[in-house]
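Here are the chains, one letter per residue:
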Amino acid sequence: IFALTRVEEAGETRDLRNAHAACFVDLAERYHQIHTGSTVPHDLVNQQARAERANIRAAIEHLIATNQAEAMLGLASAFAWHVQINAQEGKTWLEWALDQAPATATTQRGLALGGLAVMLWAQGHHTRALRLATASEAMGQELEDLEILAFAIDTQGCVLLSMHQYADARVL
């Protein structure tokens, strides 16, 4: 508490919070590298996300409060599922990031679209989930990213099965 008081007195709270958030944006970037052939073990990143849940949540809150949409897109697409309290919270984070960040084709955006599709599917919002999974697939094709493609097509299949559209799911 003493150190935080001194930081506040020095007027460096924003810089400290930006640096704190940057650490977790970097962790998210390492997570995303898994999808582009990195040797970073997936389980290690997930363990770290769970261990750093409170810090990641604080970084998410700061990025939203300071309107840092692109950084939030990377952070939320990597960790929303792991640090959310409930599916509505993760959904809100991903929706905000997707709405606020530029609509350019990036790995983070493709994964965020797919992640939001999964959350919506789990909540029973099948039509919207299918639309987002299809958009994620298109982004994966544009980026030639096999991980995004696999995630998007798998999600589409799950949604279609939930909608009892078996013939459409079989085509995937």
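What counts as what
Residues numbered from 1 in each chain as written. Predicted model: local features only at pLDDT ≥ 70, side-chain atom pairs only at ≥ 80, totals over all residues. Heavy atoms only, no water. Helix = DSSP H or I, 4+ residues; strand = E, 2+ residues; numbered from the N terminus. Buried < 20%, exposed > 50% of the residue type's maximum accessible area, 1.4 Å probe, protein only. Salt bridge = Lys/Arg side-chain N within 4 Å of Asp/Glu carboxyl O.

**Student:** Got a minute to help me understand unusual backbone geometry in this structure?
**Tutor:** A negative phi holds for most residues other than glycine; trans holds for most peptide bonds. One non-glycine residue, glutamate 144, lies in the positive phi region at around 55°. Here glutamate 144 is to be found in the loop between helix 8 (126-143) and helix 9 (146-162). Overall, glutamate 144 belongs to the exposed group, its relative accessible area being 70%. Residues other than glycine seldom take positive phi values, yet histidine 164 does so here, at roughly 60°. Mapped onto the fold, histidine 164 is located in the loop between helix 9 and helix 10 (166-171). The exposure class of histidine 164 is exposed, given its relative accessible area of 56%.

**Student:** Sorry if this is basic, but what is going on with the pattern of salt bridges here?
**Tutor:** Going through the model one piece at a time under the given rule, you end up with 3 salt bridges. Across the pair lysine 91 and glutamate 95 runs a salt bridge whose closest N-O atoms are separated by 3.3 Å. Within this pair, lysine 91 and its partner glutamate 95 are both found in helix 6 (residues 87-100), separated by 4 residues, close to a single helical turn. Between arginine 128 and glutamate 95 there is a salt bridge whose closest N-O contact spans 2.7 Å. With arginine 128 in helix 8 and glutamate 95 in helix 6, the pair connects residues that are 33 residues apart, well separated along the chain. Here the residues in one salt-bridge network are Lys91, Glu95 and Arg128, joined through shared partners.

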